[in-house]
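Working through the structure, step by step
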Amino acid sequence: MAVPEPPRRPRSLITVAVVAASLAVVVACGVIGFRVLSDDGDDEAAPQPAPTGSPSPQGTARSTTEGGSGPLVAGWKTVTNAKRGITFDVPASWARKSADWVSYVAENDDPEEKPLVGMMAPAVLKEKWCTSDDDKDGTADDYALASTGTTGEQGSKSAAAAAEDTARTWVYGLYTQPDRSRLTVGEPEPFRTESGVEGSLVTVTSSGTPKKGKCDTDGKAVTFAFKNAKGEFVSWTYVGAHGVPDEVSDATIRQILGTVRLFKEGDGQD
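These numbers were taken from a predicted model, which means no experiment stands behind them. (Residues numbered from 1 in each chain as written. Predicted model: local features only at pLDDT ≥ 70, side-chain atom pairs only at ≥ 80, totals over all residues. Heavy atoms only, no water.)

1. Re the sheet that holds strand E4 (residues 77–81)
- The sheet built from three strands is open, its strands ordered E4-E5-E17 with antiparallel pairing. Across the chains shown, the open sheet's two edge strands, defined by having one partner strand only, are E4 and strand E17 (261–262).
- Of the pairings in the sheet, the one linking strand E5 (residues 86–90) to E17 comprises two bridges and is antiparallel in character. Paired with Thr87 across the two strands is Arg261, which belongs to E17. (Pairing = 2+ DSSP bridges. Helix = DSSP H or I, 4+ residues; strand = E, 2+ residues; numbered from the N terminus.)

2. Section: the state of the cysteines
- One pass over the full model with this rule turns up one disulfide.
- Across the disulfide from Cys130 sits Cys215; the S-S distance is 1.9 Å. Here the disulfide of Cys130 and Cys215 is left-handed, its torsion about the S-S bond being about -80 degrees. Of the two residues, Cys130 is situated in strand E9 (residues 130–132) and Cys215 in the loop between strand E14 (198–206) and strand E15 (218–227); the sequence distance between them amounts to 85 residues.
- Cys130 gets classed as buried once you look at its relative accessible area, which sits at 11%. (Disulfide = S-S within 2.5 Å. Buried < 20%, exposed > 50% of the residue type's maximum accessible area, 1.4 Å probe, protein only.)

3. Quick notes on helix H2 (residues 250–258)
- Among the residues making up H2, those that are buried are Thr252, Ile253, Gln255, Ile256, Leu257 and Gly258.
- Packed against the buried residues of H2 are E5, strand E6 (94–96), strand E13 (189–192), E14, E15 and strand E16 (233–242). (Contact = heavy atoms within 4.5 Å.)

4. Observations regarding the environment of Ala241
- Along the chain, Ala241 falls in strand E16.
- Sequence spacing of Ala241 and Tyr175 is 66 residues, and the spatial spacing of their C-alpha atoms is 8.4 Å.
- The contacts of Ala241, once residues within four sequence positions are left out, are Trp129, Leu145, Tyr175, Thr217, Asp218 and Glu247.

Encoded structure:
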């Protein structure tokens, strides 16, 4: 007898107050997100193509804040995760969440919502890219096109292993669960950012995911894992809809990735 698939979690902008944990919880783009209101929060506990721009000449579009730096691409915005020691930039069209915001995915049928993977201080592209009331509860749900953020990789043995596991888990958790057979995992490749950060890059995509609702699509994740200034494995990830007309281009993803750098005191979301 065939076992019925559990229903997919609605990916809406529903806000729930969790008093016991002192957290504000939001479901967005299939990702559950919460704002950490205390110091014991942890990022693991828990698009029409964007304009690309060109790297700015030395000294251009750079903040004069002592010890800090502005975006490496003129007109872009800086995103930081001071906890993990990472800074990167995104195009102006991306909406940055606060530095204490955490997003994660969980198994659809897990009543405790135990995170499979998460990211801190994400930036989101087109938060209302698709709207639908797939669960027929009378309330339309908003689906974002793409997100990018950073996380720690505790327990990882290598950058390549961390990158593959994180990218694979994002696509599974957000787009294909409970089916893992539709994932295509690319080979790890070495990558060096403009600032000289070196690590391993893995791309994972899905294909042929059943379209059960208006906003269901295949997904894509690109994860770059490396060591921060403390020698800890950390990662940057892009995750978004795949195979749609306004999918974020590889060129834009690589340009955002190229701005990844180690956090310095004074960096900020300016």
